[in-house]
Amino acid sequence: MGRKVLTDKIHIPGIETIEVYKNNGGYETLKKALKQMTPSEITEEVKKSGLRGRGGAGFPTGMKWSFLENTSVGPRYLVCNADESEPGTFKDRFLIEKIPHLLIEGLIISSFALGAESTFVYVRGEFKTQIGILSKAIREAYASGFLGKNILGTGFSLDIYVHSGAGAYICGEETALLESLEGKRGNPRLKPPFPAVKGLYDRPTVVNNVETLAAVVPIIALGGEEYAKIGVGKSTGTKLISACGNINNPGVYEIELGLSVDTFLNSNEYCGGLKNGKNLKAIVPGGSSVPILPGNLILKTANGDDRLMSYESLSDGGFVSGSMLGSGGFIVYDEDACIVRNTWNFSRFYHHESCGQCSPCREGTGWMEKVLHRIEYGHGTSKDVDLLVSIAKRIEGNTICPLGDAAAWPVASAIRHFRHEFEFHIENPEIVKNIKHHSPEKYKVAVS
Amino acid sequence: MSSNIIDHKLFKIEGRAAQFSAETLEKVKSIIARYPQGRQKSALLPVLHIAQEELGGYLSVDVMNYVASILSIQPIEVYEVATFYTQYYLDKVGKYVIEVCRTGPCAICGGEDITDYLSAKLNIKDGETTPDGVFTLRTVECLGACGYAPVMQINTEFYEFLTKEKIDTIIDDLRLKANTDKPKESKWVEKF
Ligand SMILES: Cc1cc2nc3c(=O)[nH]c(=O)nc-3n(C[C@H](O)[C@H](O)[C@H](O)COP(=O)(O)O)c2cc1C
Ligand code: SF4
Ligand code: FES
């Protein structure tokens, strides 16, 4: 347990420069891929590796790539999703900052496999520093002949461009991202057609997350079968987990999939347990969009098995007693955290970020925010909890893009597991009104 | 009602000279050239960033119309984009725009107190600018740095693990620098 294939070299001083990266085996995999393999052989290795998208949805990457295999002649595109805006998630920022050439090497190999000659990296606009680091690394790669015309004498040509977003969570959704890249508002497209058929400029397109594309390098280096030995079951490989909230060691960790949640949370190698010796209340294991789980259900499944950091184990129990691995944004709440306040906060986020195209999302997110606000501030009524459940239910599955679901799940799961906190707020308006709303004291009173 | 529409900021032509320097214009053209023929509109977001940075710190109608002319698109296509994305400012902002994260992970690590403290210290509310034009305070959603909470961004710089003491130092430093610092630097070449 515990192999690292993405971050194993980040402690080497100067690894963000091309010289040091090359001196440590960097771009050797690119040479292997371009000189010894055909595009379909590369896709085949990615399929064998069992790699699943690291952006949140977990779709098998090799399968996504193979959708492009039989498409018509003419340009096709690879777009790298570095929009990273899901609350709790900050792993792609870390990877770009620490080892930008790993992403670039992955981008070149992947573009070759897909037959893309122009590749765009869409980075959220706030990451100016990381955009600078990545742009510099790209210039170094051009200067070394890894980008541009006739790369390594193979006849393959590729340009990589960094494209800055401008502050909109929705642009992380792949079709909104494509709209944004075309210079428009980030309104998601109705699917089908999927990007593999009609993507950027109506051409066949693959959109992949930063971490997914970086993982292509170790996959080609080791071979798909060897990579698939890392991890557990169908959750192959490693995953970057960004840990935050009330823990001792917040930060980004590369874990081998299958590590137990308990070890990840409590071992000093990772989160180092809860801060100030507090008790665990809840964890959101995969970014703000996935269901929140109370302490007992995050450490063990409903059947009493150890919960593991893997796609299957985290979703064991479905939405009744499980959650999702999502983007790997691991948010830890201690005993003082107020679930009602947090749920209201997340609702405000989704309302703010809804693109406004479909009424269930546009109106429903605002409605949930309003109801949660009144509960939080001591003005809730006895019907409000059921009202929230019903709004969430009517948003879910009825929208153009999954932001609607992403807004509904945190509310539905918070009520499923912490209904008593919502009811306490409603039944004790005087207590709720008289405490400073963002003081830890609030919850010591309210939950007991 | 109709007078409200006329008063809307998108109808206020200021007559400000909005034009890139020859050098910037070259760079803008090189950005446009990244995208396929006929898809020059793709350069809209990057060019708006440059315009905002180099032409006064916010996007006035004059600036947006100028960008539309450079990209050969209709002004409305620029307005609809500029009003969608939170990083584009449609109103004049201070020299230093302070954007404090208000989302869950920061909030449970004391982010809300940081916002209150900043607001009291600068004596302005969310969205306002100090009368001397030095600071604008805005709360924003998750900045993608949740492990370093509480977090804020001032212009392009991130400030992490914030405490009241740190805020004091940062704000006092910037107040001093405000007199000597040049107006917004145009270092975007490095950034794209
Ligand atoms: C509202 C919303 C926001 C998203 N944000 C991101 C994001 O910031 N980064 C990302 O890689 N994927 C994000 N996704 C997922 C993408 O739509 C897409 O599935 C992903 O980029 C595919 O890459 P992967 O298969 O490598 O994971 C988001 C999805 C939704 C619905
Ligand atoms: S679900 Fe929400 S964000 Fe997605 S398209 Fe509909 S309104 Fe826009
Ligand atoms: S919640 Fe503040 S940076 Fe993510």
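Model, not experiment: these values are computed from the prediction. (Residues numbered from 1 in each chain as written. Chains lettered and ligands numbered in written order. Predicted model: local features only at pLDDT ≥ 70, side-chain atom pairs only at ≥ 80, totals over all residues. Heavy atoms only, no water.)

A large share of strand β8 (residues 251-256) of chain A lies buried, amounting to 6 of its 6 residues. Residues A:Gly251, A:Tyr253 and A:Ile255 point to one face of β8(A) and A:Val252, A:Glu254 and A:Glu256 to the other, with burial holding for every one of them. (Buried < 20%, exposed > 50% of the residue type's maximum accessible area, 1.4 Å probe, protein only. Helix = DSSP H or I, 4+ residues; strand = E, 2+ residues; numbered from the N terminus.)

Residue and element names in this part refer to chain A. Neighbouring residues of ligand 1: 18 residues in total, closest Gly55, Asn81, Asn208, Asn209 and Thr212. Within the backbone of glutamate 174, one N or O atom sits 3.0 Å away from an oxygen atom of ligand 1. In the environment of ligand 1, an oxygen atom lies 2.9 Å from a nitrogen or oxygen atom belonging to the side chain of asparagine 208. The protein chains hide 90% of the 610 Å² of surface that ligand 1 would expose on its own. A molecule is said to occupy a pocket when more than half its atoms come within 2 Å of that pocket's grid points, and by this definition ligand 1 occupies the largest pocket. In terms of residue count, the dominant contributor to the shell around ligand 1 is strand β4 (residues 205-209) (3 residues). Per-class residue counts for the shell around ligand 1 are 4 nonpolar, 8 polar and 6 charged. (Near = heavy atom within 4 Å. Polar contact = N/O pair within 3.5 Å; in protein donor to acceptor, adjacent residues only side chain to side chain. Areas by Shrake-Rupley, 256 points an atom, 1.4 Å probe, with all protein chains shown as cover. 1 Å grid on protein atoms, 1.4 Å probe; cavity = no way out; pocket = protein on both sides within 12 Å on 5 of 7 lines; lining within 4 Å. Sits in = over half its atoms within 2 Å of the grid points. Nonpolar A, V, L, I, M, F, W, Y, C, P; charged D, E, K, R; others polar.)

All names here are of chain A. Around ligand 2 lies a shell of 13 residues, among which Cys355, Gln357, Cys358, Cys361 and Cys401 are the nearest. Cavity membership is defined here by more than half of the atoms lying within 2 Å of grid points; on that basis ligand 2 lies in the largest cavity. Tallied by class, the residues present in the shell around ligand 2 amount to 8 nonpolar, 5 polar and no charged.

With that out of the way, let us pick up helix α17 (residues 384-395) of chain A. All names here are of chain A. Here α17 spans 17 Å end to end across 12 residues, near enough to the 16 Å set by a 1.5 Å rise per residue. Buried within α17 we find Asp384, Val385, Leu388, Ile391, Ala392 and Ile395. Viewed along the axis of α17, the buried residues span an arc of 125°, placing them on a single side of the element. In α17, the exposed positions angled more than 90 degrees off the buried face are occupied by Lys393 and Arg394. Those residues of α17 that are buried are in contact with α16 (359-376) and α18 (403-427). Glycine 397 sits one or two residues past α17 and shows a positive phi near 80°. (Expected span 1.5 Å × (residues − 1). Arc of directions from axis to C-beta. Contact = heavy atoms within 4.5 Å.)

Between chain B and chain A, the residue contacts involve 45 residues of the former and 61 residues of the latter. Regarding the contact of chain B and chain A, the summed buried area is about 4,300 Å², with carbon and sulfur atoms giving 54% of it. Along the contact surface separating chain B from chain A lie 2 salt bridges. Among the salt bridges present, the one from A:Arg341 reaches B:Glu112, with a minimum N-O distance of 2.8 Å. Our enumeration of links across chain B and chain A arrives at 21 residue pairs in polar contact (both at pLDDT 80 or more). The element best represented in the side of chain B that touches chain A is helix α3 (residues 44-54) of chain B, accounting for 5 residues. (Buried area = accessible area lost by both parts, 1.4 Å probe. Salt bridge = Lys/Arg side-chain N within 4 Å of Asp/Glu carboxyl O.)

Side-chain pairing between opposite charges can occur once the charged atoms of the two side chains come close. All names here are of chain A. Across all of its chains, the model carries 32 salt bridges over all chains by this definition. Note that glutamate 421 is salt-bridged to lysine 281, the shortest N-O span being 2.7 Å. With glutamate 421 in helix α18 and lysine 281 in strand β9 (residues 280-284), the pair connects residues that are 140 residues apart, well separated along the chain. You can call lysine 281 buried: its relative accessible area is 10%. The partner of arginine 362 in a salt bridge is glutamate 363, and the shortest N-O contact between them spans 2.7 Å.

The next subject is the domain arrangement of chain A. All names here are of chain A. Examined at the domain level, chain A breaks down into domain 1 (18-229), domain 2 (241-334) and domain 3 (339-447). Placing a centre on the C-alpha atoms of domain 2 and another on those of domain 3 gives a separation of 22 Å. Both faces considered, domain 2 and domain 3 share a buried interface measuring about 1,300 Å² in area, 65% of it formed by carbon and sulfur atoms. The largest per-residue losses of area from domain 2 upon contact with domain 3 belong to Lys281, Ile292 and Phe319, which jointly make up 41% of the total buried on that side. Here domain 2 and domain 3 share 6 residue pairs in polar contact (both at pLDDT 80 or more) between them. (Domains from an automatic or database assignment.)

So, on to the packing of aromatic side chains. Tallying each qualifying case throughout the model produces 23 aromatic pairs over all chains. A centroid spacing of 5.4 Å and a plane angle of 65° characterise the contact between A:Phe90 and B:Tyr148, whose relative ring orientation is edge-to-face. Separated into two different chains, A:Phe90 in the loop between β1 (77-82) and α5 (91-98) and B:Tyr148 in the loop between β2 (135-140) and β3 (152-154) make up a pair that spans both. Residue class for B:Tyr148 comes out buried when judged on its relative accessible area of 16%. Of the aromatic side chains, those joined through ring pairs into one cluster are A:Tyr77, A:Phe120, A:Tyr161, A:Tyr201 and B:Tyr35. The lysine or arginine in question, A:Arg52, covers the ring of A:Tyr311, its NZ or CZ lying 4.1 Å from the ring centre. Above the plane of the ring of A:Trp344 lies A:Arg348, whose end atom (NZ or CZ) is 4.9 Å from the centre. (Phe/Tyr/Trp six-rings, centres within 6.5 Å; stacked < 30°, edge-to-face > 60°. Lys NZ or Arg CZ within 6 Å of the ring centre and 35° of its normal.)

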